[in-house]
Structure formats: structure tokens, C-alpha cells
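Listed below are the residues making up each chain.
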Amino acid sequence: MQQLTENQLTNQIDDQLVELSNLNSSLKRTTELATKQYIAARMYNKITSLRIRVDNLQTGIQEERAKEGDK
């Protein structure tokens, strides 16, 4: 079995630290993106809900006007 020198071990540790740092940055970006997607989905759901409520209100108003017109 080949024994690694202290310099080689230090280089390997440095390489692994760089890789860990890159993975950490990637995870941070992924988490930020996931958070933005979650917020966007919630906003979309709220907007859709509000559109349905507005449509229902408009339908109700039209029905009331039609009833008033029938009198």
C-alpha cells in the first residue's frame, strides 16, 4: 500500500474542501429556487382563488339584475 505524503494529504483535503464549498453553494441556490417556486405556487393559488370569487360575485350580480329586470 502506497503511503501518502503530508503534502498529498493536504492537497486532497484542500480539493475536498473546495468540492464541499461548491456543493454548499449549489445547495443554497437550489434552496433559494425551491423557496421562490413555493412562493410563486402559493401566489398562483391565491390569484386563482380570487378570480373564482370575482367570477362568482359577477355571476351573482348578473342574476340579481336579471331578477330585478323580471319584476
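Relevant structure appears above.
Computed from a prediction, not measured in an experiment: that's the story for all the values here.

Calculation notes
- Residues numbered from 1 in each chain as written.
- Predicted model: local features only at pLDDT ≥ 70, side-chain atom pairs only at ≥ 80, totals over all residues.
- Heavy atoms only, no water.
- Helix = DSSP H or I, 4+ residues; strand = E, 2+ residues; numbered from the N terminus.
- Buried < 20%, exposed > 50% of the residue type's maximum accessible area, 1.4 Å probe, protein only.
- Areas by Shrake-Rupley, 256 points an atom, 1.4 Å probe, with all protein chains shown as cover.
- Lys, Arg positive; Asp, Glu negative; His and termini not counted.
- Charge placed at Lys NZ, Arg CZ, Asp CG, Glu CD.
- Salt bridge = Lys/Arg side-chain N within 4 Å of Asp/Glu carboxyl O.
- Patch = residues over 30% accessible without salt bridge, like charges linked within 9 Å, V, L, I, M, F, W, Y side chains within 5 Å.

What about the overall build of the protein?
So, point 1. Scanning the protein from N- to C-terminus turns up one helix and zero strands.
So, point 2. Principal axes of the C-alpha set define a box for the protein whose edges measure 100 × 20 × 5 Å.
So, point 3. Within the protein, the proportion of its 71 residues that are buried is 0%.
So, point 4. Element-wise, carbon and sulfur atoms account for 55% of the exposed surface of the protein, whose accessible area totals about 7100 Å².
So, point 5. Positive and negative side-chain charges of the protein, numbering 10 and 10 respectively, have mean locations separated by a distance of 11 Å.

A short note on the pattern of salt bridges
So, point 1. Evaluation of the coordinates by the stated rule reveals one salt bridge.
So, point 2. Between E64 and K67 there is a salt bridge, with its nearest N and O atoms 3.7 Å apart. Remark: K67 and E64 occur in helix α1 (residues 6–70); sequence separation between them is three residues, near one turn of the helix.

Quick notes on a nonpolar patch on the surface
So, point 1. Taken together, the side chains of Y38, I39, M43 and I47 make up a nonpolar region of the molecular surface, amounting to roughly 410 Å² of accessible area.
So, point 2. Tracing the backbone through its elements, the reader meets I47 in helix α1.
So, point 3. Note on I47: relative accessible area 40%, which makes it partly exposed.

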